[in-house]
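Observations on the three-dimensional arrangement
Now for the letters of each chain:
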Amino acid sequence: MGIRDRLSRLLAEAPADAEAIEHDELWWTWGQVQETARAVIDALAGADAGVDARVGVVLENRPEHVAVVAAVIASGRCVVMLSPLQPAVRLAADITGCGLPVVLAGAGVLARDGVLAAVTAHGLALELATDGAVRSTGGTVPAAAATNPGVAVEMLTSGTTGPPKRVHLRVEQLDQALFSSGQTPKNDRLLSRSASLVSAPLVHIGGLWRALSCLATGRRMILMPKFVLEPWVRAVERHQLRAASLVPAALRTVLDADVPKQRLASLQVVTSGTAPCPPELADAFFRKYGIPVLMTYGATEFAGAVVGWTLPMHEKWWDRKAGSSGRAFVGVELRVTGEDSTELPIGETGLLEVRTAQAAQGSAIWVRTSDLARIDADGFVWIQGRADDAIIRGGFKVQPETVKRALEMHAAVREAAVVGLPDPRLGAVPVAAIEVQPGHTPPAVAELITLCRAQLMPYEVPAHIVVLDELPRTPSSKVSRVELLDLVRARLAERTPA
């Protein structure tokens, strides 16, 4: 049974009094989820947004938003993901650029400057209340609105296969991703008493995949707005969770806080993805808590993970393969190629390519990623870095060009440059330097940070900005990243007391 049929069955047959989603330690029942889903489907049908219609959702980590996603996918429509993390001007531009016939969002989002106007300029605005009620707040669905047959989700991603783009995830991709990773119900049961914790943003593939895996298997969902240590630990204790997922930055937070071992005693395994997990971090967690950390590797383009560890693999191979992302999942083929796309011998480093039914291109086409990797003789994949400029900050991908453009909006900035500074907790953070426009007063760093916060996602805002008369350059006049990092480190050292 595929995810579309599975969601349809849950919305029709799940007992109304059964626990579905816990949020802020309060339960939403399946009856509440079903009532919200019916309200969404009725509103879409009443507005003539029929099967295959593209439905924009400004997706927050809240129970009613999970119900919206379930309703849209189950009814044969397409969810177009819109991030609530975006500043209002960027969200409005995203909505306009998508040309959406209908957008669902919370009242707070629709009240932000320019957002409602962006929606109603092209389509219908539906306000989603915290109790799951749905009401129209203006606009209409165009008579000739574009549809997207066969696609379940359109998701904006910075991508492993090129520049930022909106990835179209077909229903078959989601089905294959859930099957490959074992996220299918046992004995065709509808609901399970087990629970899974979802703390990653639903608007990103990690959070969406975990939410869909809960629905696909009938597990109860413990939904957090974001990872915060103490609420996360309480959730593990309260539900005696046997498995959890933590990005490397969160793993380090647990270790640094010295959380008592007994508070995590129920956990048998932790999975870690979205960013490379340093082997010493995974090993330190395992040695302290006795809980194996199973790394995974994937991408939005593949609807989730394509490589990972299992418990039996950890027991057999960990001492020899610590630092690897694991082996290919069922139905996934991997190879490493050179710049000319020629396959390289075992053990050599090159660009990782993937062939799988989880890709939009299907199982017949090799998809080239932007990740450098090697595959050893035992089939283990070792990610060696990136071939592009992307900065991975705590699992979130930052494109330097996006930050550069934001800084260059300031009248006193002639040119900006952005690089990644290694960080022990987050992996890397974006740092920037700006060259002052001749004849202008150098802007204050606080002023530049304020500008960035108005234009960028929170995780895109530079951790440090250096104001310079001239950017350091190579003989070919390109900005020297090595010298730029040295400058940032020197400025930070000046601020640090001896």
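Up top is the structure.
None of these values were measured; they are calculated from a predicted model.

**Description of helix α3 (residues 63-74)**
Across its twelve residues, α3 extends 16 Å between first and last C-alpha, which sits within 8% of the 16 Å expected from 1.5 Å per residue. Across the twelve residues that make up α3, a large majority, twelve, are buried. Directly after α3, the chain includes G76, whose backbone phi takes a positive value near 85°.

**Section: the packing of aromatic side chains**
Overall, the coordinates contain six aromatic pairs when judged by the stated rule. For the pair W309 and W318, a centre-to-centre distance of 5.4 Å together with 65° between the ring planes defines the contact as edge-to-face. By relative accessible area, W309 is classed as buried at 5%. Arranged with centres 4.5 Å apart and planes meeting at 15°, the rings of F396 and Y459 form a pair that is stacked. With F396 in strand β22 (residues 396-398) and Y459 in the loop between α14 (445-455) and β25 (464-468), this residue pair connects regions lying 63 residues apart in the sequence. Pairwise contacts between aromatic rings join W309, W317, W318 and F380 into one cluster. One Lys or Arg, K288, reaches over the ring of Y289 and ends 5.4 Å from the middle of that ring.

**Some thoughts on the environment of V429**
Tracing the sequence through the fold places V429 in strand β24 (residues 427-436). In this structure V429 comes out as buried when scored by relative accessible area, which is 6%. Counting along the chain gives 19 residues from V429 to L448, while the straight-line C-alpha distance between them is 17 Å. Apart from residues no more than four positions distant in its own chain, V429 is found in contact with I391, R393, V419, G420, L421, D423 and A463.

**Topic: the pattern of salt bridges**
Under the definition given, this model contains 26 salt bridges. Between R193 and E19 there is a salt bridge, with its nearest N and O atoms 3.6 Å apart. Taken as a pair, R193 in the loop between α7 (171-180) and β10 (195-198) and E19 in strand β1 (residues 19-23) lie far apart in primary sequence, 174 residues in all. Here E460 and R90 are joined by a salt bridge, their closest N and O atoms 2.8 Å apart.

**Side note on unusual backbone geometry**
Positive phi is not limited to glycine here, since D48 has a value of about 65°. Relative to the elements of secondary structure, D48 occurs in the loop between α2 (30-46) and β3 (54-58). Backbone geometry places Q240, a non-glycine residue, at a positive phi of 50°. In this fold, Q240 is placed in the loop between α9 (229-239) and β12 (243-245).

The rules behind each value
- Sequence order as written defines the numbering, with residues in each chain counted from 1.
- Only residues with pLDDT of at least 70 are given local features in this predicted model, and only at 80 or more are side-chain atom pairs given and counted; all residues enter the totals for whole chains, interfaces and linings.
- Side-chain measures here rest on the full set of heavy atoms in the structure, leaving out hydrogens and waters.
- Runs of H or I in DSSP of at least four residues are treated as helices and runs of E of at least two as strands, each being numbered from the N terminus.
- Helix span, as expected, comes to 1.5 Å for every residue beyond the first.
- Note on exposure labels: buried denotes an accessible area under 20% of the residue type's maximum, exposed denotes more than 50%, and partly exposed covers the range between, all computed with a 1.4 Å probe on protein chains only.
- Aromatic rings from Phe, Tyr and Trp, taking only the six-membered ring of Trp, are treated as a pair when their centres fall within 6.5 Å; an angle between ring planes under 30 degrees marks them as stacked, one over 60 as edge-to-face, and anything in between as tilted.
- For a ring to carry a charge above it, either NZ of a lysine or CZ of an arginine must fall within 6 Å of the ring centroid while also lying within 35 degrees of the normal to the ring plane.
- Should any heavy atoms of two residues lie within 4.5 Å, those residues are considered in contact.
- Between Lys or Arg on one side and Asp or Glu on the other, a salt bridge is scored when a side-chain nitrogen of the former is within 4 Å of a carboxyl oxygen of the latter.

From the geometry alone we can't say anything about function, so treat these as descriptive.
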